[in-house]
Amino acid sequence: MNQELFDKGLKTRKEVLGDEYVNKSLQSADEFNMVMQEHVTQYCWGDVWNRPGLDRKTRSFLNLAMLTALNRPHEIKIHVRGAINNGLSKDEIAEVFLQSAIYCGVPAAIDSFRIAKEVFVEMGI
């Protein structure tokens, strides 16, 4: 493992998703799935999320659309919170899901709207 890239990724991951979520993910990992936590932190968050080509807000736009297309509700919930942390408004998130409905399917977008609404309530926004 590249410790420097992992540490950079851990910092970014916590800034986007929040300390509580990231710490819980790492603390609940065992010898079976810790390798995935390390991999995601190092390569996803340490490398890709820190590339200079896109800002975090744009990356959040993309993630919400792709996760809607893939119909990944758990990840949508996490990344709606991250999108808010990266400066997206509720209206912008709604637009991502509306655009996704046309190209990815209405049922997937409906789920994304439902999940986002739950996150907004949890966050008090």
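Parameters and conventions
- In this numbering scheme, every chain counts its residues from 1 along its sequence in written order.
- Since the coordinates come from a predicted model, pLDDT governs what is reported: local features require at least 70, and pairs of side-chain atoms require 80 or more to be given and counted, while whole-chain, interface and lining totals use all residues.
- Each side-chain value is derived from all of the structure's non-hydrogen atoms; neither hydrogens nor water enter the calculation.
- Comment: elements are numbered from the N terminus, with helices defined as DSSP H or I runs of at least four residues and strands as E runs of at least two.
- Throughout, exposure labels follow a simple rule: accessible area from a 1.4 Å probe, protein chains only, divided by the maximum for the residue type, with under 20% read as buried, over 50% as exposed, and the rest as partly exposed.
- A helix is expected to span 1.5 Å for every residue after the first.
- Throughout, the arc means that of the directions going from the helix axis to the C-beta atoms.
- Note on contacts: a residue pair qualifies if any of its non-hydrogen atoms lie within 4.5 Å across the two residues.
- Each domain's extent is set by a domain assignment, obtained either automatically or from a database.
- By definition, the buried area sums, over both parts, the 1.4 Å-probe accessible area that each loses when the two are put together.
- What counts as a salt bridge is simple: a side-chain nitrogen of Lys or Arg found within 4 Å of a carboxyl oxygen of Asp or Glu.

Under an unreviewed UniProt entry, the protein chain has the name 4-carboxymuconolactone decarboxylase and belongs to Pseudomonas fulva.

Quick look at unusual backbone geometry
At Asn71, a residue that is not glycine, the phi angle is positive and equals roughly 55 degrees. By the secondary structure assignment, Asn71 is in the loop between α4 (56-70) and α5 (73-85). The partly exposed category is assigned to Asn71, whose relative accessible area is 37%.

Concerning helix α6 (residues 90-104)
The first and last C-alpha atoms of α6 sit 20 Å apart over 15 residues, in line with the 21 Å expected at 1.5 Å per residue. Those residues of α6 that fall on the buried side of the exposure criterion are Ile93, Val96, Phe97, Ser100 and Ala101. Taken end-on, α6 shows its buried residues confined to a sector of 145 degrees, consistent with a single buried face. Exposed side chains of α6 directed beyond 90 degrees from the buried face belong to Asp91, Glu95, Ile102 and Tyr103. Contact partners of the buried residues in α6: α4, α5 and α7 (106-123). Positioned one or two residues after α6, Gly105 has a phi angle of 120 degrees, which is positive.

Some remarks on the domain arrangement of the protein chain
Splitting the protein chain by domain gives domain 1 (3-50) and domain 2 (56-123). Computed from C-alpha coordinates alone, the two centres of domain 1 and domain 2 are separated by 21 Å. Across the contact, 10 residues belong to domain 1 and 11 residues belong to domain 2. Where domain 1 abuts domain 2, roughly 850 Å² becomes buried across the two surfaces, and 54% of that area is made up of carbon and sulfur atoms. Sorting the residues of domain 1 by area buried against domain 2 places Val16, Leu17 and Trp49 first, and these three jointly supply 62% of that buried surface. Remark: the boundary between domain 1 and domain 2 carries one salt bridge.

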